[in-house]
Amino acid sequence: MTETKQLIQGCIKQNRHHQNRLYQLFAPGMFAVCIRYSKNKEEAEEILQEGFMKVFTHLHQFNFEGSFEGWIRKIIVNCALQKYRNNARLHAVVDIETNQYKIAETENIMAQIGTKELVNMVQQLPPGYRLVFNLYVFEGMKHREIAEHLGISEGTSKSNLYDARALLQKSVTHSLQVAKKILIIYEKKITQHR
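First things first, this report covers the structure right here in the doc. If you're wondering where the values come from, they're calculated on a predicted model, not measured in any experiment.

Estimated volume of the largest pocket: approximately 160 Å³. Residue lining of the largest pocket: Ala32, Ile35, Arg36, Thr115, Lys116, Val119, Asn120 and Gln123, and that is the complete set. Taken together, the elements giving at least two residues each to the lining of the largest pocket come down to α2 (16-37) and α6 (115-123). Tallying contributions element by element places α6 first for the lining of the largest pocket, with 5 residues. A breakdown of the residues in the lining of the largest pocket according to their chemical character gives 3 nonpolar, 3 polar and 2 charged.

With that settled, the discussion passes to the pattern of salt bridges. Per the stated rule, a full pass over the model turns up 7 salt bridges. Glu139 is the salt-bridge partner of Arg36, the closest N and O atoms lying 3.5 Å from each other. Remark: Glu139 occurs in the loop between α7 (127-137) and α8 (143-150) and Arg36 occurs in helix α2; sequence separation between them is 103 residues. Among the residues examined, Glu139 registers a relative accessible area of 24% and is labelled partly exposed.

How each quantity is defined
Residues numbered from 1 in each chain as written. Predicted model: local features only at pLDDT ≥ 70, side-chain atom pairs only at ≥ 80, totals over all residues. Heavy atoms only, no water. 1 Å grid on protein atoms, 1.4 Å probe; cavity = no way out; pocket = protein on both sides within 12 Å on 5 of 7 lines; lining within 4 Å. Points joined across faces, edges and corners; volume = space filled by probe spheres on them. Helix = DSSP H or I, 4+ residues; strand = E, 2+ residues; numbered from the N terminus. Nonpolar A, V, L, I, M, F, W, Y, C, P; charged D, E, K, R; others polar. Salt bridge = Lys/Arg side-chain N within 4 Å of Asp/Glu carboxyl O. Buried < 20%, exposed > 50% of the residue type's maximum accessible area, 1.4 Å probe, protein only.

Next up, the structure:
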């Protein structure tokens, strides 16, 4: 019997040691998911805690078919979505002049900057944009599925994704410009000391 299966069975029997071990194994990876859906670390921690409460409550429903980590991830994502369903309606909240910015493909954005910086930029997106971006890019959902999950139209989903990408592209461009200026200043100082 695998360690995960033993842990699941122990958790179902309310064994605190098994619950703690299961949490230790999966919480770090799930926290990375939560941080993408939240505006800050505290909110991500709330989503994680709510998610694991549901995991432990519904653990008896896991049928050992498919990935256990995927099953947990689905619960965590649903907790993040529920948090936003309860707090706000999702619609365009930032006016973007679409002709001003050339939207880069998501993969190109990620190639230009580091993961930590990208996560920070995603966190700065308005909630509706952040949710649609995460569901489309990281969860691989289609706009029809996103619309159903969030109670919005497919058009709103597409618009929010487009606007999220525009805002991210603007952030990336700004970040790269700042880095370039810092590099120029650094090179000048090195040249002056020679």
